[in-house]
Amino acid sequence: MVGLSLGEKHFIQGGIAQDLRSDGRKRLTYRPLYVETGVIPQANGSARVRIGATEVVSSVKAELGKPGSLQPDKGRVTIYVDCSPTAAPMFEGRGGDELSTDLSVALQRCLLGGKSGAGAGIDLSSLIVVEGKICWDLYIDCLVISSDGNLLDTLGAAIKLAASFLISFVTDMRNSNNIILILFLKAALSNTGIPRVHVAAGASGDDNTEVDISDEEFLQFDTSDIPVIVTLTKIGRHYIVDATSEEESEMNSAVSISVNRKGHICGLTKRGGAGLDPSIILDMISVAKHVSEQLINKLDSEIAAAEAGEEES
Amino acid sequence: MEPWNSMGMVATVCGVVERVNKLVYVRALRAKYKPEVGDIVVGRVCEVTQKRWRLDINYSQDAVLMLSSMNLPDGIQRRRTALDELNMRSIFKEDDVICAEVRGFQHDGLHLQARSQKYGKLERGQMLTVPPYLVKRRKQHFHHLEQYGVDLIFGCNGFIWVGEHVEARDDMVEDQGNKPDWQNVKSNINLTETCLLKSKNELTLQ
């Protein structure tokens with residue numbers, strides 16, 4: 001990142017104090033958002049999101065696995081972020097590892113809720129196939145292609161979009177016995193989804209379970225509850241939304257809040273060394289709720305447009 | 001240029017064919033910045049070393065601004081002493097934005113000079129980057145928008161400075177008071193800058 005002279009720093013700080021940012025935006029305006037879904041055909045769901053110059057690709061893959069013994073009724077989701085060296089020279093080799101871990105942890109906190117699975121944005125109990133034996137493991141992988149500030153918001157949007165194109169399944173328990181046949185067929189849709197799983201009747205139960213995964217029947221994974229992440233960056237005495245990397249270099253602290261459609265807070269992460277008065281955090285939360293409505297509406301219209309496009313083709 | 005299928009010579013770059021006597025060459029349209037003597041450039045200091053500053057000017061190497069090519073703050077023309085060398089940072093620090101003129105290519109690289117009052121450190125404003133082929137060489141690279149009180153400096157290297165208007169003042173005279181209204185100027189600077197960015201986007205799409 002190129003440095004800024006003292007005059008330029010004052011210019012940025014003074015501008016934000018007057019609700020006027022370097023590219024003409026107001027404090028609470030996002031940069032234009034471009035979205036493309038289904039970019040990775042081998043994944044169950046994928047999306048590519050660009051906010052200004054920050055670009056991120058995310059993919060969701062689903063595999064069958066065994067649920068943890070502590071939570072037999074819940075599936076598993078793993079989120080992993082990788083910062084590509086094409087985004088910034090400092091990400092070469094191991095340079096991007098620290099930032100990748102920070103982002104992964106922040107996303108997990110915002111989307112997955114606590115250890116018991118409570119309060120998660122992604123409903124883990126809908127991922128279970130056979131309680132205690134089989135569940136879906138979702139692997140969410142994100143790649144940062146270009147970095148110009150505000151990575152968390154872009155990643156959150158990309159995951160929400162990738163998941164909404166992940167078509168889920170429902171288990172059809174014909175019988176309480178556990179032998180199931182595996183039939184794996186390729187999906188016909190361009191966005192492959194997780195197929196429907198039939199747990200077939202069979203001989204007396206043993207631990208070998210086979211799964212019948214059909215490809216014609218898919219069910220909608222309810223993703224309307226997946227929260228979006230809004231990052232508020234505090235510079236001086238004001239906060240801005242969607243900071244560029246120049247503005248981020250001037251920040252005192254930044255709070256990332258994940259809000260779902262109902263306006264509930266699903267997660268909160270604070271970065272930066274400066275301390276914040278609690279009243280400021282409450283104010284930031286209410287600002288984030290307000291801003292998240294526009295972002296959620298924008299993402300929903302993108303999802304609807306992409307689905308409409310698919311039905312035609 | 002290489003012969004191809006006896007159709008005559010074909011160039012490897014797209015561009016405009018120019019001829020000088022018997023020399024035929026193709027001037028590329030979207031080239032990297034190529035400095036020429038007398039170009040006005042806007043650069044950022046990346047290093048302060050012995051008797052010189054190194055500036056990043058969007059070229060393959062860093063340009064050099066010698067201490068002797070700068071006017072000292074007290075305005076007197078004199079030999080630079082060791083004390084001057086030690087105080088270089090009080091004139092320009094790392095990351096400062098500077099306007100200068102290309103003096104020429106010397107053995108150790110590209111040299112700049114900033115002897116006139118209109119060159120020097122640029123404060124109170126913002127630097128933009130556009131592709132260098134969009135800035136054509138003209139007679140005037142310094143523009144003053146009187147209506148807004150904004151100074152525009154179009155560096156031939158693609159760095160454009162949009163900032164508050166600064167009168168070219170004589171260093172010997174006492175500091176003149178009367179600062180303009182910073183708030184208004186600031187919004188004007190942002191306005192100008194947004195216009196420049198929009199036109200840059202339109203031009204680069206073609």
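Residues numbered from 1 in each chain as written. Chains lettered and ligands numbered in written order. Predicted model: local features only at pLDDT ≥ 70, side-chain atom pairs only at ≥ 80, totals over all residues. Heavy atoms only, no water.

What follows concerns the overall build of chain A. The number of helices and strands found in chain A is five helices and 15 strands. A burial count over chain A gives 48% of its 313 residues as buried. Of the roughly 14400 Å² of accessible surface on chain A, 53% is carried by carbon and sulfur atoms. (Helix = DSSP H or I, 4+ residues; strand = E, 2+ residues; numbered from the N terminus. Buried < 20%, exposed > 50% of the residue type's maximum accessible area, 1.4 Å probe, protein only. Areas by Shrake-Rupley, 256 points an atom, 1.4 Å probe, with all protein chains shown as cover.)

The UniProt entry lists residues 30-162 and 225-289 of chain A under the feature "domain: Exoribonuclease phosphorolytic" (unreviewed entry), expressed in the numbering used here. The span residues 225-289 of chain A shows a helical share of 26% and a strand share of 40%, and its end C-alpha atoms are spaced 15 Å apart. (UniProt positions renumbered as here; feature names shortened; annotations may be inferred.)

Moving on, we get to the confidence of the model for chain B. All names here are of chain B. Looking at chain B, pLDDT values average 84 and 88% of them are 70 or higher. Note on residues 171-180: pLDDT under 50 across the span, and six contacts to partners over four residues away in sequence or across chains. Reported confidence for the predicted complex is 0.76 by ipTM and 0.77 by pTM. (pLDDT = per-residue confidence, 0-100. Contact = heavy atoms within 4.5 Å.)

Residue and element names in this part refer to chain A. Taking 1.5 Å per residue as the helical rise, helix H1 (residues 6-17) with its 12 residues ought to reach 16 Å, and the 17 Å between its terminal C-alpha atoms agrees with that figure. Those residues of H1 not exposed but buried are Gly7, Glu8, Phe11, Ile12, Gly15 and Ile16. The buried residues of H1 occupy one face: seen down the axis, they fall within an arc of 165 degrees. Looking one or two places after H1, you find aspartate 19, whose phi comes out positive at around 65 degrees. (Expected span 1.5 Å × (residues − 1). Arc of directions from axis to C-beta.)

The next point concerns the UniProt feature "domain: S1 motif" (unreviewed entry) in chain B. UniProt feature "domain: S1 motif" (unreviewed entry): in the numbering of this structure it lies at residues 36-115 of chain B. Helix makes up 11% of residues 36-115 of chain B and strand 49%, whereas the separation of the span's terminal C-alpha atoms amounts to 18 Å.

Contacts between chain A and chain B engage 15 residues on the former and 17 residues on the latter. Looking only at chain A, the three residues that lose the most surface to chain B are Glu8(A), Phe11(A) and Gln18(A), adding up to 44% of its buried area. The shortest N-O distance in the salt bridge between Glu8(A) and Arg44(B) comes to 2.8 Å. Across the contact surface, chain A and chain B share four residue pairs in polar contact (both at pLDDT 80 or more). Class assignment of the residues belonging to the side of chain A that touches chain B gives a composition of four nonpolar, eight polar and three charged. (Buried area = accessible area lost by both parts, 1.4 Å probe. Salt bridge = Lys/Arg side-chain N within 4 Å of Asp/Glu carboxyl O. Polar contact = N/O pair within 3.5 Å; in protein donor to acceptor, adjacent residues only side chain to side chain. Nonpolar A, V, L, I, M, F, W, Y, C, P; charged D, E, K, R; others polar.)

With antiparallel pairing, four strands are arranged side by side in an open sheet as S11-S14-S13-S12 (chain B). At either end of the open sheet lies a strand with only one pairing partner, and these are strand S11 (125-129) and strand S12 (142-145) of chain B. Across the sheet, the mean angle from the axis of one strand to that of its neighbour is 20 degrees, orientation sign disregarded. Note: S11(B) against strand S14 (residues 159-164) of chain B, five bridges, orientation antiparallel. Of the residues in S14(B), the one forming a bridge with Met127(B) is Trp161(B). The strands that H1(A) touches are S11 and S14 of chain B; relative to S11(B), the one it contacts most, it runs at about 100 degrees. (Pairing = 2+ DSSP bridges. Axes fitted to C-alpha atoms, helices over the stretch in contact; angles between N-to-C directions.)

So, about a nonpolar patch on the surface. Residue and element names in this part refer to chain B. There is a patch of nonpolar side chains on the surface, built from Val20, Leu23 and Tyr25 and spanning about 260 Å² of accessible area. Tracing the backbone through its elements, the reader meets leucine 23 in strand S4 (residues 23-28). Judged by relative accessible area, leucine 23 falls into the partly exposed class, the value being 48%. (Patch = residues over 30% accessible without salt bridge, like charges linked within 9 Å, V, L, I, M, F, W, Y side chains within 5 Å.)

You can see Thr244(A) is positioned in the loop between strand S13 (238-241) and helix H4 (245-249). Excluding its chain neighbours within four sequence positions, the residues that come into contact with Thr244(A) are Asp23(A), Arg25(A), Arg31(A), Asp148(A) and Gly149(A).

Looking now at the nonpolar core. Val77(A), Ile79(A), Leu107(A), Ile140(A) and Leu232(A) are the most contacted members of the largest nonpolar core, which totals 61 residues. Formed by 32 residues, the second largest nonpolar core is a distinct cluster that contains Ile40(B), Trp53(B), Val97(B) and Ile98(B). (Core = buried A, V, L, I, M, F, W, Y, C linked by side-chain atoms within 4.5 Å.)

Residue and element names in this part refer to chain B. Within this structure, the stated rule accounts for four aromatic pairs over all chains. Seen from their ring centres, tyrosine 33 and tyrosine 59 are 6.5 Å apart, and the 80 degrees between their planes marks the pair as edge-to-face. On the criterion of sequence distance, the pair formed by tyrosine 33 in the loop between S4 and strand S5 (40-49) and tyrosine 59 in the loop between strand S6 (52-56) and strand S7 (63-70) is long-range, its members being 26 residues apart. Among the aromatic residues, those joined into a cluster by ring pairs are Tyr33, Tyr59 and Phe105. (Phe/Tyr/Trp six-rings, centres within 6.5 Å; stacked < 30°, edge-to-face > 60°.)

The next subject is the pairing of strand S6 (residues 134-146) of chain A. Residue and element names in this part refer to chain A. Two elements, strand S3 (residues 54-65) and S6, share 11 bridges in a ladder whose sense is antiparallel. Bridge pairing in S6 places leucine 64 opposite tryptophan 136. Sheet topology note: the strand S4 (residues 76-83)/S6 ladder contains eight bridges and is parallel. Directly across from arginine 76, in S6, lies its bridge partner aspartate 137. Bridge analysis of strand S5 (residues 128-130) against S6 gives two bridges, and the strand direction is antiparallel. Paired with valine 130 across the bridge in S6 is isoleucine 134.

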